[in-house]
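# Fold and contact review
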Amino acid sequence: MDLPDGRTVPLRMEAARLIAEYLTAAEPERPWEGVAFAVVWGSRDVLDVRLVRPDLVAEISADRAVDRGGVWRHPLRFRRLLLDVGVEDAPRFGKGSDAAVG
């Protein structure tokens, strides 16, 4: 989320609750159904995941820092939902000259 001084912070519970109002459960048999997600890299603890429809667009903050193993060094940071933008209007990562600009 954006702070008044322009910094971003990790998604907090109050922001997560706000976003949850806009989420819709995914239909059965989605590609990620049955996949286990770890809490952190190298952990055996598994997250309780509820799949949702990919129909929201969000602005994120990211950098290109990659370690020697090809792993992104810093997490993405949520900035805001773009409720006036549809998924069909948002460029996909790596597609076209406007994709993932920032």
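Worth saying up front: this structure is predicted, and the values here are computed from it rather than measured. (Residues numbered from 1 in each chain as written. Predicted model: local features only at pLDDT ≥ 70, side-chain atom pairs only at ≥ 80, totals over all residues. Heavy atoms only, no water.)

### Description of the overall build of the protein
Looking only at helices and strands, one finds one helix and two strands in the protein. Walking the protein from its N terminus toward its C terminus, one meets helices and strands in the order α-β-β. Considering the protein as a whole, with its 102 residues, one finds that 10% of them fall into the buried category. With an accessible surface of roughly 9000 Å², the protein has 53% of that area assigned to carbon and sulfur atoms. (Helix = DSSP H or I, 4+ residues; strand = E, 2+ residues; numbered from the N terminus. Buried < 20%, exposed > 50% of the residue type's maximum accessible area, 1.4 Å probe, protein only. Areas by Shrake-Rupley, 256 points an atom, 1.4 Å probe, with all protein chains shown as cover.)

### Comments concerning the environment of Val57
Turning to its location among the elements, Val57 is positioned in the loop between helix H1 (13-20) and strand E1 (58-61). Expressed as a C-alpha distance, the spacing of Val57 and Glu88, which sit 31 residues apart in the sequence, is 9.6 Å.

### Side note on the pattern of salt bridges
Applying the stated criterion across every chain yields a total of three salt bridges. For Glu27, the salt bridge is made with Arg53, and the minimal N-O distance between the two is 2.7 Å. Remark: Arg53 occurs in the loop between H1 and E1 and Glu27 occurs in the loop between H1 and E1; sequence separation between them is 26 residues. Of the residues examined, Glu27 reaches a relative accessible area of 34% and is grouped as partly exposed. Arg80 is the partner of Glu59 in a salt bridge, and the nearest nitrogen-oxygen pair spans 2.6 Å. Here Glu59 is found in strand E1, whereas its partner Arg80 is found in strand E2 (residues 77-81), with 21 residues between them in sequence. Classification of Arg80 as partly exposed rests on a relative accessible area of 44%. Ionic contacts of the salt-bridge type, sharing partners, join the residues Glu27, Arg53 and Asp55 into one network. (Salt bridge = Lys/Arg side-chain N within 4 Å of Asp/Glu carboxyl O.)

### With respect to a nonpolar patch on the surface
A contiguous nonpolar surface patch, about 310 Å² in accessible area, is contributed by Val39, Val40, Leu47 and Val49. In this fold, Val49 is placed in the loop between H1 and E1. (Patch = residues over 30% accessible without salt bridge, like charges linked within 9 Å, V, L, I, M, F, W, Y side chains within 5 Å.)

### So, the environment of Pro31
Secondary-structure assignment places Pro31 in the loop between H1 and E1. The spatial distance from the C-alpha of Pro31 to the C-alpha of Leu51 is 9.9 Å, given a sequence separation of 20 residues.

### Notes on the confidence of the model for the protein
Mean pLDDT over the protein: 76, with 80% of residues reaching 70 or higher. Averaged pLDDT values over the elements of the protein bottom out at 80 in H1 and peak at 84 in E1. (pLDDT = per-residue confidence, 0-100.)

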